[in-house]
Amino acid sequence: MKNLNTKIEKYHLHRKHPEKLQFEVYNLNGYLKKHGEKATIAHSHSYYQIIWFFEDGGEHIVDFKTYKIKKNTILFISKDHIHAFDSNLDVQGWLIHFNESFFMHNDVDVFLKYNVFNSRENPCYVIDKETVITATSYINLIRKELSSKGAFGYEEVIRFSLKSLLISLERIHRNDENIHLQFNNHYELQFAKYKELIEENYNKGVSVNDYAKLLSISSKTLTTITNAVTGKSASKLISERIILEAKRLLRFTSLQIGEIAFKVGFEDASYFVKFFKRYVGVSPKSYRKGTLYK
């Protein structure tokens with residue numbers, strides 16, 4: 001995919017209207033007919049997005065992977081992920097948008113955020129008939145509440161229905177992957193909070209020791225947690241996030257290598273090149289050349 005822009009376009013939900021409900025659900029077909037031209041160009045959001053495709057057909061790009069759309073495919077697009085629809089805009093489904101302020105209120109939400117929306121390895125999967133029925137019931141309840149804006153507790157009903165929907169979808173996903181889903185695992189929650197801090201600070205040169213202090217634990221404990229949850233050290237997770245952002249900027253923008261280095265926290269472009277090559281195996285220039293037309 002070739003993109004000569006110097007930045008990746010980012011879209012927002014009710015950014016200028018904080019008084020509005022920070023949540024929307026759309027008919028996918030109607031939304032794409034209205035916004036299809038922008039939706040087919042690689043872009044990101046400052047909000048979260050769930051896309052439910054009802055039927056087979058077409059493809060969807062998320063970061064560096066292209067997913068074939070099958071019947072009842074669900075896609076979780078986290079904020080800042082790069083994605084794009086294909087040119088086929090005549091598709092049926094649901095599109096859900098919500099801001100973090102609407103969703104995040106407790107530790108369970110932190111857990112859901114980093115297990116449901118931060119699965120870069122598999123943000124796309126197909127749900128079975130039983131889950132379709134359950135998910136449809138939650139969406140119908142949400143739509144009913146949206147038509148009753150101002151009614152007592154309507155926002156809470158929508159929020160709890162959204163969380164119930166996410167739990168139902170992730171439950172079937174975890175069953176397919178044979179992964180045990182837990183909300184009360186202390187390591188999992190600490191890990192989720194660590195990932196959240198990385199998202200906020202990965203390009204600011206924050207050390208593992210600094211992150212540990214923010215979590216009120218030792219750096220040794222933090223590494224024990226990350227190794228237990230992912231099999232990776234705390235420092236490697238920071239490096240991976242820097243590399244992810246660098247790859248996005250290399251593939252989806254025309255920024256110079258030095259500009260990209262600065263954006264991901266390097267003052268010295270030559271050090272960034274060495275860092276990138278050490279983790280990826282090729283230079284930033286070679287990586288860009290190899291992905292530009294994919």
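Residues numbered from 1 in each chain as written. Predicted model: local features only at pLDDT ≥ 70, side-chain atom pairs only at ≥ 80, totals over all residues. Heavy atoms only, no water.

Engineer: I'd like a description of the side chain of Ser283, backed by residues and values.
Structural biologist: Within the fold, Ser283 resides in the loop between α11 (269–280) and α12 (284–291). At a separation of 3.1 Å, a polar atom in the side chain of Ser283 contacts the side chain of Ser286. Dropping the residues within four chain positions of it, Ser283 is found in contact with Phe276 and Lys277. (Helix = DSSP H or I, 4+ residues; strand = E, 2+ residues; numbered from the N terminus. Polar contact = N/O pair within 3.5 Å; in protein donor to acceptor, adjacent residues only side chain to side chain. Contact = heavy atoms within 4.5 Å.)

Engineer: An account of the domain arrangement of the protein chain is needed here, citing residue identities and associated values.
Structural biologist: What the domain assignment reports for the protein chain is domain 1 (10–176) and domain 2 (186–289). A separation of 26 Å is found between the C-alpha centroids of domain 1 and domain 2. With 16 residues of domain 1 in contact, the opposing surface of domain 2 contributes 14 residues. Run the count over domain 1 and domain 2 and you get one salt bridge. The leading source of residues in the side of domain 1 that touches domain 2 is helix α3 (residues 107–116), at six residues. Here the residues of the side of domain 1 that touches domain 2 sort into seven nonpolar, three polar and six charged. (Domains from an automatic or database assignment. Salt bridge = Lys/Arg side-chain N within 4 Å of Asp/Glu carboxyl O. Nonpolar A, V, L, I, M, F, W, Y, C, P; charged D, E, K, R; others polar.)

Engineer: Give a description of unusual backbone geometry that names residues and reports values.
Structural biologist: A positive phi angle, close to 55 degrees, is found at His14, a residue other than glycine. Its location among the elements puts His14 in the loop between β1 (10–11) and β2 (23–27). At Asn72, a position not held by glycine, the phi torsion is positive, near 60 degrees. Among the structural elements, Asn72 can be located in the loop between β6 (65–68) and β7 (73–77). Residue classification places Asn72 among the buried residues on the basis of a relative accessible area of 14%. (Buried < 20%, exposed > 50% of the residue type's maximum accessible area, 1.4 Å probe, protein only.)

Engineer: Before we move on, can you summarise the UniProt feature "domain: HTH araC/xylS-type" (unreviewed entry) in the protein chain with the specific residues and values?
Structural biologist: Within the UniProt annotation, "domain: HTH araC/xylS-type" (unreviewed entry) is assigned to residues 192–290. Note that residues 192–290 is 75% helix and 0% strand, and that its end C-alpha atoms are spaced 33 Å apart. (UniProt positions renumbered as here; feature names shortened; annotations may be inferred.)

Engineer: Pulling in residues and values, what's your account of the sheet that holds strand β5 (residues 59–62)?
Structural biologist: Here three strands make up an open sheet; going across it, the order is β6-β5-β8 and the pairing antiparallel. Where the open sheet ends on each side, the last strands, each with one partner, are β6 and β8 (83–85). The average angle at which neighbouring strand axes cross in this sheet is 20 degrees, direction not considered. The pairing of β5 with β6 spans four bridges and is antiparallel. (Pairing = 2+ DSSP bridges. Axes fitted to C-alpha atoms, helices over the stretch in contact; angles between N-to-C directions.)

Engineer: So, the packing of aromatic side chains: which residues are in play, and what are the values?
Structural biologist: Taken as a whole and assessed by the stated rule, the structure comprises 16 aromatic pairs. When the centroid spacing of 6.3 Å and the interplanar angle of 20 degrees are considered together, the rings of Phe64 and Phe252 count as stacked. With Phe64 in the loop between β5 and β6 and Phe252 in helix α9 (residues 234–252), the pair connects residues that are 188 residues apart, well separated along the chain. Looking at Phe252, the relative accessible area reads 1%, which means it is buried. Ring geometry for Phe76 versus Tyr125: centroids 5.7 Å apart, planes at 45 degrees, classification tilted. (Phe/Tyr/Trp six-rings, centres within 6.5 Å; stacked < 30°, edge-to-face > 60°.)

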